[in-house]
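Take a look at the letters that make up each chain.
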Amino acid sequence: MASVTTMLNEKSSPNNSESESESDSEIDNDDDSETTESLFSFDQSEEEDHLSSEEDIIEEPASGHLPCLTEYKKILNELSLLIWKTLSKSKMVNLLQDFVESEFFLIDGDSLFITCVFNVNFKEGQTLHFFYIVEQFLHDFIQKEARFVIVFFKDAENMYFNYPELLALRTILIQHLEYNTDVTIYTEFSNCLSPEWEIFLKECYPYFLIVSEEGITPHQTDFLNIFIIHALYQKINIVPSSEIESDVLRIYGHYASSCYLHKQFFEKHEIQLRHVLQVYVREYYQKSQETEIVLYGHLKLNLGYVQKEVMTHLPGIINYQLGEDGFEHQADTSYLFQMPPWLLKSINQTLSLLQNLLPEGADIRSVVCSISCSVTLKLYKKMLHNAQDCENLNTGTENHNMQDLKKPPTLNEAADLCRMHCLSVIFLQHLPLSQRAKSRIITYIWDRTLLPFLNMLKKCTFFILKQLKARNNWDVNFTGLPDLTDTSLWKNIAYYYEIEYNRGLNLGLGDTLMQEYQKLWNIVLTLSGDEDFGGPIPIRTTTRLFLTQKETTPRGSNQEIQKLGLIPLKAEIIEDYAGDILSELPFLSSDDPAVISLSKKKEFDELRHWHSFRLLSDDFERTSCNSDAKSKDAKERREIQKLHLFYHILGKSLMGSNRSVKFITRGTLPPPKNSSMKKKTKHQKTNAEKFIEENQKRQLAKLEKREEERWNNLSLHIEKEIKENFNSGIKRLENFLQTCPVKSVKFTAEMVGLDTCFKLWMECCLKPEAESRDISIIINLMKKVYILHEKYSELLQNIHRQKLAKYLKYIGFDNLAYSLCPQVQESDTKKDISKYSVHMGAARFQLTHMSPYLFREERSDPDPRVHHFIPDTWQRELLDVVDNNESAVIVAPTSSGKTYASYYCMEKILRESDEGVVVYVAPTKALVNQVVGTVYSLFTKTLPKGLVVCGVFTRDYRHDTLNCQILVTVPQCLEILLLSPHRQQWVKRMRYVIFDEVHCLGGEIGAEVWEHLLVMIRCPFLALSATISNPEHLTEWLVLIKRYWQHVESTMENSDPSQNALKVSKKQQRKRIEKPSYRVRLVWYKERYNDLEKYVCSLKDNDFIIEHYHPCAALTVNHIKKYGIPLDLGFSPRESILLYDAMVHVWPEWTRMQELEPEEFSCFKNKIVITRADAKKYEEELKKEIIRWIQLDPSKVNQLLKYLKPQNFDNLEIESQKMFPCFVEKLKEMDKLPAIFFSYNIHSVEILASRLLTNLISKQITHNDPNSERKKKNLTKKLRKARSSQKRNISTFLNSDSGARIQRIILLAAEIKEIKKNLKKYNEFSPDCTYTDSTVVDNQTLAKILRRLKGTRQGYKLHSLLKRGIGYHHGSMEYKQRQVVEMLFRQKHVKVVIATSSLALGINMPCKSVVFIEDSVFLNALNFRQMSGRAGRRGEDLIGNVFFYGIPLPKIERFLKSNVPKLKGQFPLSISLVLRLMLLIAKADDKEDAKAKALSVLQHSLMSFKQPKIKCMLKFYFIYSLQFLATEGYLNSECIPTGYSGLVSHLHYHEPANFVLVSLLEKCLFHKLCIPINIDGQKTFSQDVMETLVVVLANLFGRRYLPPCVKNLKKKFAHSVKILDALPKEFATVVEEHNNRIRENFGSFLLSISNLADMRKEYQLPLSEIDFSSKECEDSELVSHLMPGTESRTAVSPFACLSDITDQDLFDMDVVNDVKLRTIYVNVENVPFLSLVKCNRNGRKCPLNGYALNFYKTGSLSALTVDNG
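Residues numbered from 1 in each chain as written. Predicted model: local features only at pLDDT ≥ 70, side-chain atom pairs only at ≥ 80, totals over all residues. Heavy atoms only, no water.

### Some words on the overall build of the chain
Along its length, the chain carries 65 helices and 35 strands. The buried share of the chain, taken over its 1765 residues, is 58%. Restricting to contacts in the chain with at least 6 residues of sequence separation, those with at least 24 account for 80%. As presented, the chain carries roughly 75,100 Å² of accessible surface, and 50% of it is formed by carbon and sulfur atoms. (Helix = DSSP H or I, 4+ residues; strand = E, 2+ residues; numbered from the N terminus. Buried < 20%, exposed > 50% of the residue type's maximum accessible area, 1.4 Å probe, protein only. Contact = heavy atoms within 4.5 Å. Areas by Shrake-Rupley, 256 points an atom, 1.4 Å probe, with all protein chains shown as cover.)

Quick look at the structure:
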């Protein structure tokens, strides 16, 4: 590693002092040294010995030893422990998963600085490389469209007081970001507890905070800890800066969430934490006032002189003030040091002189170098002069050797050092980076006696930069800031002059460089005034050695760089895909040893198993087959019957029992497209047609008469029931209306319902009790008015209109009454009818109370293709797509009805033929079961023997996969079929593929599989989703793919005439099958059918506060100013009224108040029926008005948003869980059940369900008679005895024919029946003690469904819950259990289901409410939309409710205002996939078809769509994959699979463990480990062997890393394993051998393709794009000597070369990503390297999570959840 030198002398970990607190027992201070050394000391390879003297620099005491902080030591230790525990539970997630342009996150500037300074590749003093690391870090975020701001706190500058090198570098970083980049920087805040910072957080709430958990010093660590706890207190989540990783598309980090414990800690200790910061500020302020610092014995640095000299060269006035609170320090730029006022006199004169010497646009490097050298030399001269008055430096009583060690440099020696520094600056200004990257590597370091003088230079640099920032009349060129110094170059120059030059090597500097150097040194002399520091030549005037040699550990790998070149491989696909770059790459000759030594393994033939001679099965055959229609086994046939019966029951729960099954007959195709639109041609009716018409009229008359009779029989009963039980009566009336097909009868029934409602309202109004006025009566009355006015307008006569007008007038809607019928009887107007009024305007009433019933614009013309409903226009377009055999991307909200097109498509394929297959791809097994049940309930068809309608294929089970016409599967399984060489005949039968929840294409796990499917299928497809924000981009990509397949089809048709003849004959057999179209349509429907209203729930004093959350409450003024109001932020009509009322309340003088008053609004005024479209217009007007308010008076908008924001109280998580049963009871009282409660914690899901059951049982025990339990036991005992007696009597009766015995049996049967009847009373649940509705599911059906739980794991537990109407649902349950829960919930038997995200994706689980009960890092905008979409399903509920229980308000705000993420794809390739493609090409029967599929996968990734750079990167990766597979023996030179290809491809989803496993198998390590022992004659394995085996497998598969801070916790888990044990030595050796081969392969590959890099960009900084390329200097012998380019640096970034990085470092996988050429777009993350020790950016070790070993040892799921996350 490159050494990084520093001035740090504090090497103890933060809060490392002895502690008497109890918490100290949990802090591991005995951890390995990397915990402390990596962040609290640089690599001391250069100056570690120089820091031992107390005289060099005054040491900073640890926080525990500051007298004023002793009392807070315990609090700081507790804080450290709390943060370590928080970070140890953090999850590695994609940081930008739901990130949109309207959000930003926060980066702590000092954490960024620390992370980059401690980068393992950075060498101290190499400023340009440091800035390359910084910009690469930030550019990575910007490339991925992230928005962020960086904050540097003023107080944080104090922490670098003792470290001038870091202080100067930090200042350079701030100014570089300000002057040279567009990054937003905040430097005005004192610290994280200042009032200004609090205001900033409230106004601009950041998404999360990237911060370092450890600082350079203990003080800085305390500072950062306080920052972290304050952020968590503010509900801002934390991401450690050193744990951030990235790939091509995403950035990952350990995400630590805020919780109540953080708020509790901060509120408890806030005063003490503020005092700690004040103490630190005062301490450093006092240090800054110490005007002298001892450097060399009696040599003292006077800070006042430093300040004076700097200020004489630069303008700027410092007004430094320390407030009483210790926080407000300065009004200008310098933060640590006070400027003496008397220095101001000489500022203008010196400034004029400097500006004349360095004119406008002067290079910052010249400015800083000249001033720092002149000031430092002048100060140093004065120090030497003052020291002579105290002591003679040349004499003393000390030992001569000791004196030499302390001897400071003379003034001339100091001047020599400055001259060489000036020369190095000239080199920086005039030499291109390409030349500097060739600098030789020397192992010399500065002599220790020079360090204090060098620190003086750095302090001067700091002062200069701080004062330059305050300039106002001097335009300096700051582009040179990131290249201010180059210590390696400076030392190289010093080495030449003091060693090589003295040996006689005299090299010319060159005319240009000499002139520039002399000019710069003359400026130094001019600024020095009368001082004589010598001329520019000679550069060295003294003989003192400035450098000392030190042995250093060589960096990089010891791997020998092999001959450059790739192994030549022959395959058509290589030329077709990557032929354009192959010509530019070097290849090895055929006689090269590397080519000859390739393993000659047997060709892989996919016939025999990899470790035996048994016939090999593919992934399809290995999947368990539960049953199959072709089976002849009687038992299997019975299983098939049971399965089909269950699917029918499941289908009924999905589609309803009234939905009939379609009997599909081949050939009876539906009417052609737009048949309903065709005009009928006029023709003369035949007698038969006339007879049919007359018969239809007679039948209609009979039906009308029969319905009239039915209504006459029911009307009186319904009227009576409405008066007695309003809700029940109305429901009964609605049931009649739904079943009545005669319009006139329905009109009569509606009028009766209207009359009854009005009479009932009048009765209510006449009662004295005010609360008797039930508003639901008026709601139903208005609903009847709606229906009569809109749907039966042709039947309304004048008398009916007058009645409607009368009713409207009575309830206070005079304007509507007049609008409907102006001739309202005058007698009615004279009556006092005010007591019947609702005292609300008609428009306001409709928007407030009628919002679920507002009419939508729906089509009334039926479509002959649809029989159960009238489709909307967009739904008809879907049917047209299927009719035309086209493809479509369908984006529509949840519950809008988009899935109907899928089943129409299935019906079409079933009718076409018996051979065609439609494949339905679902993301989860739960959704697979649901679709299968729906198919069984919809379709049946008579097929030839052995064929069935529907089949299933998942990783767990399959049935009828290849002999069905509708296959329902998951993406991974369809990929198996598409890539299997022996399944291609079946693939050609596919006619349509339906992708449900296609937004999974943008996920992190398995997303590439969706992509592979979309690019490999030839047939049309339907891609369905509710949550895609960029469907146009997705559609464009899919259009490109279809064009590719169209081209392939046309090419293949024209290439082989014989094949064409065969195709013609096949067409005769399939002439009814239409040719597929290559068109791809986008069908985008944005309106949700039901509104969703949100509520925030919190707990206060054991009572629940549930407040409505208005969508506008999520907005801020800044957000609206920058981005406007989000397009998908919709209101319900009621919420529009609430917003209007709030606007009136906030601004009573509002000018448009009357115009937007609901009764006066143009779209509402005098309108009897307000539609959804009218309400939407009103909503848009209100949104426009808010934006207008922003322009007029933003403070009013602030007040408005604050007024709308609900009150929320934070609670301890455990308290919220304890009160959860009470919360569910509250929802039951509010009639908000059925509901789904979402949590991402499986353990919590089951625990909360059990708590609900316990609560219900407790309530029942309380309600029951105290003696009921005793009576129940007695009855049970009696029943048992009676049954036993009955059994004996029956047995006796069979042996004898006794009449008495028969009588006895009859009596016993009657007695048993009576006992059961009595016992049933005690077994029944009180309505208050259950959530079930006993009327919806009969006992027989319930028993049949619950029977599926028999034999399942913990089925008894779930059975008890379901009996009470409670269920839980998560991915770890058996699929039968999940099915039972889903079915009973759909049938309304279960009203409460607690679930993980397993119910988020498309599951048909209609509910009234969705409740989010626990925060999680995985709860993002996408999952929120998916989960909340379960509420308010179309046809089930009028409105959906979303409750937030325990979710932080800021996160709720983010959900509502953020958009779903864009689909950007996933890295599409892996080495295993390349191998599978090669298998497909080599073994498929149709080679051309296989090659076309493989090319489609390679060429058409979504990630590379319109991204030529990424396309090039994928070609690089493809070539690397082939090279790796060839060298490892998986491919031969013709790219034909060999060796263990079958095993590797089978375990493709476990790369790189699949390749490592092969290495272990080849070494026979598992055979050596698994040696059985004989116990009692039986062979078994010892516990040690089994544990070792688990450790090995856990190190290979399912690897999850923990943050490094986990090691800081000393807490030992008695029965669990937090950190996984390391691999056994012999296994680790083999893995390391494998890794070494990977290092060699990948390093050599990078070297081979380095010539393809874009070198123009390689010489630019990534973010600022400052270019460091120019013409190389050829006339300087010295430059050529110092930069010979002898080290190999062909594939290394030229910026990294400055830190002595060479090509050898490419073989170190931990650093290769940071040091390789950045335009070679190949990421080490995609290399099959299995790291035994993973380190973060700062070199700290990240341990593996030991969850697998923990579960093996304990078998406890709860311990696994708590301890291992």
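### A look at the pattern of salt bridges
Pairing of side chains with opposite charge becomes possible as their charged atoms draw close. For the structure on display, the rule yields 66 salt bridges. The shortest N-O distance in the salt bridge between Lys 458 and Glu 165 comes to 3.8 Å. Of this pair, Lys 458 sits in helix α15 (residues 451-468) while Glu 165 sits in helix α5 (residues 164-180), and the two are 293 residues apart along the sequence. There is no split in this pair, since Lys 458 and Glu 165 are both buried. Sharing partners across several salt bridges, the network here consists of Arg 1152, Glu 1155, Glu 1181, Lys 1184, Glu 1185 and Arg 1188. (Salt bridge = Lys/Arg side-chain N within 4 Å of Asp/Glu carboxyl O.)

### Structural notes on the side chain of Thr 1027
When you line up the elements, Thr 1027 lands in the loop between β23 (1021-1025) and α36 (1031-1055). A distance of 3.2 Å separates the side chain of Thr 1027 from the side chain of His 999, its partner in a polar contact. In this structure the side chain of Thr 1027 is engaged in a polar contact, spanning 2.9 Å, whose partner is the side chain of Gln 1426. Once residues within four sequence positions are removed from consideration, Thr 1027 is found in contact with His 999, Leu 1422, Arg 1425, Gln 1426 and Val 1460. (Polar contact = N/O pair within 3.5 Å; in protein donor to acceptor, adjacent residues only side chain to side chain.)

### Points about the sheet that holds strand β20 (residues 958-959)
Judged by pairing direction, the sheet is mixed, and its eight strands sit side by side in the order β20-β19-β21-β17-β22-β23-β16-β24 without closing on themselves. The outermost strands of the open sheet, each flanked by one partner alone, are β20 and β24 (1080-1084). Of the pairings in the sheet, the one linking strand β22 (residues 990-995) to β23 comprises three bridges and is parallel in character. When the bridges of β23 are listed, Ile 994 appears paired with Leu 1022. (Pairing = 2+ DSSP bridges.)

### Notes on the sheet that holds strand β2 (residues 105-108)
Read from one edge to the other, the open sheet built from five strands follows the order β4-β3-β2-β5-β6, with strand pairing classed as parallel. Each end of this open sheet is capped by a strand with a single partner; those strands are β4 (184-186) and β6 (237-240). Going across the sheet, the axis of each strand differs from the next one's by a mean of 25°, ignoring polarity. Where β2 and strand β5 (residues 208-211) come together, two bridges link them in parallel fashion. Pairing of Leu 106 across the sheet is with Leu 209, part of β5. (Axes fitted to C-alpha atoms, helices over the stretch in contact; angles between N-to-C directions.)

### Overview of a positive patch on the surface
Among the surface-exposed residues, Lys 652, Lys 1344, Arg 1347 and Lys 1350 lie close enough to one another that they form a single positively charged patch. As for its placement among the helices and strands, Lys 652 is situated in helix α21 (residues 634-655). (Patch = residues over 30% accessible without salt bridge, like charges linked within 9 Å, V, L, I, M, F, W, Y side chains within 5 Å. Lys, Arg positive; Asp, Glu negative; His and termini not counted. Charge placed at Lys NZ, Arg CZ, Asp CG, Glu CD.)

### A word on the confidence of the model for the chain
Mean pLDDT over the chain: 80, with 81% of residues reaching 70 or higher. Below pLDDT 50 for its whole length, residues 1060-1072 participates in five contacts with residues either more than four positions away or in separate chains. (pLDDT = per-residue confidence, 0-100.)

### Regarding the environment of Pro 1111
With respect to the secondary-structure elements, Pro 1111 resides in the loop between β26 (1103-1109) and α38 (1117-1123). Overall, the relative accessible area of 2% leaves Pro 1111 in the buried class. Separated by 21 residues in the primary sequence, Pro 1111 and Ser 1132 have C-alpha atoms spaced 9.6 Å apart. In contact with Pro 1111, other than residues within four places in its own chain, are Leu 1129, Gly 1130, Phe 1131, Glu 1135 and Leu 1456.

### Here we look at helix α2 (residues 73-88)
Across its 16 residues, α2 extends 22 Å between first and last C-alpha, which sits within 8% of the 22 Å expected from 1.5 Å per residue. The element α2 is largely enclosed, with a buried count of twelve among its 16 residues. Every buried residue of α2 is listed here: Ile 75, Leu 76, Asn 77, Leu 79, Ser 80, Leu 81, Leu 82, Ile 83, Trp 84, Thr 86, Leu 87 and Ser 88. (Expected span 1.5 Å × (residues − 1).)

### Topic: the pairing of strand β21 (residues 964-969)
The side chains of a regular strand alternate between both faces of the sheet. A large share of β21 lies buried, amounting to six of its six residues. Bridge count for strand β17 (residues 917-921) against β21 is four bridges, and the pairing is parallel. Pairing of Val 918 across the sheet is with Ile 966, part of β21. Examined bridge by bridge, strand β19 (residues 948-953) and β21 share five bridges and lie parallel to one another. Bridged to Cys 950 within β21 is Ile 966.

### Quick word on the nonpolar core
Counting residues in hydrophobic clusters, the biggest one holds 339 residues, and the most contacted among them are Leu 1022 and Phe 1237. Discounting residues that sit within four places of it in the chain, Leu 1022 has contacts with Val 881, Val 882, Ala 888, Ile 890, Ala 901, Ser 902, Cys 905, Tyr 992, Val 993, Ile 994 and Phe 995. Core analysis: the next-biggest nonpolar cluster, separate from the first, contains 165 residues, Leu 193, Tyr 517, Phe 546 and Met 1683 among them. (Core = buried A, V, L, I, M, F, W, Y, C linked by side-chain atoms within 4.5 Å.)

### Re the packing of helix α18 (residues 572-582) against helix α54 (residues 1508-1527)
Their axes nearest at 10 Å, the elements α18 and α54 cross at an angle of 115°. Once α18 is placed against α54, the crossing between them reads as left-handed. Residues Ile 573, Ile 574, Tyr 577, Ala 578, Asp 580, Ile 581 and Leu 582 of α18 form the contact with α54, whose participating residues are Lys 1511, Leu 1514, Lys 1515, Phe 1516, Phe 1518, Ile 1519 and Leu 1522. Residues of the contact of α18 with α54, tallied by class, amount to eleven nonpolar, no polar and three charged. (Left-handed = near helix turned anticlockwise from the far one by under 90°. Nonpolar A, V, L, I, M, F, W, Y, C, P; charged D, E, K, R; others polar.)

### Quick notes on the packing of aromatic side chains
Scanning all chains against the criterion turns up 69 aromatic pairs. Considering the side-chain rings of Phe 1412 and Phe 1444, the 5.7 Å spacing of their centres and the 15° angle between planes classify their relative orientation as stacked. With a gap of 32 residues between them, Phe 1412 in strand β30 (residues 1409-1412) and Phe 1444 in strand β31 (residues 1440-1445) connect regions that are remote in the sequence. The residues Phe 1412 and Phe 1444 share a single accessibility class, namely buried. Residue placement shows Lys 791 over the ring face of Phe 855; its charged tip is 5.9 Å from the ring centre. (Phe/Tyr/Trp six-rings, centres within 6.5 Å; stacked < 30°, edge-to-face > 60°. Lys NZ or Arg CZ within 6 Å of the ring centre and 35° of its normal.)

### Some points on the side chain of Ser 1416
Here Ser 1416 shows up in the loop between β30 and α50 (1421-1428). A polar contact is formed between the side chain of Ser 1416 and the backbone nitrogen of Phe 1418, at a distance of 3.1 Å. Among all residues touching Ser 1416, those that are not within four sequence positions of it are Tyr 1240 and Lys 1451.

### A few points about the environment of Tyr 1089
Its location among the elements puts Tyr 1089 in the loop between β24 and β25 (1092-1100). Judged by its relative accessible area of 24%, Tyr 1089 is partly exposed. For the pair Tyr 1089 and Pro 852, spaced 237 residues apart in sequence, the C-alpha to C-alpha distance is 9.7 Å.

### Regarding the state of the cysteines
For the coordinates displayed, the defined rule picks out zero disulfides. Between Cys 964, a cysteine without a disulfide, and Cys 950, which holds the nearest cysteine sulfur, the sulfur-to-sulfur distance is 6.5 Å. (Disulfide = S-S within 2.5 Å.)

### Thoughts on unusual backbone geometry
Note the cis peptide between Ile 537 and Pro 538, where omega equals 0°. As for its position among the elements, Pro 538 is in the loop between α17 (511-527) and β14 (547-549). Backbone torsion omega between Leu 1233 and Pro 1234 reads 5°, so that peptide bond is classified as cis. Summarising the element assignment, Pro 1234 is placed in the loop between α43 (1220-1229) and β27 (1235-1238). Residue Asp 960 is not a glycine yet carries a positive backbone phi of 55°. Relative to the helices and strands, Asp 960 resides in the loop between β20 and β21. Backbone geometry places Lys 1506, a non-glycine residue, at a positive phi of 65°. The topology assignment puts Lys 1506 in the loop between α53 (1487-1499) and α54.

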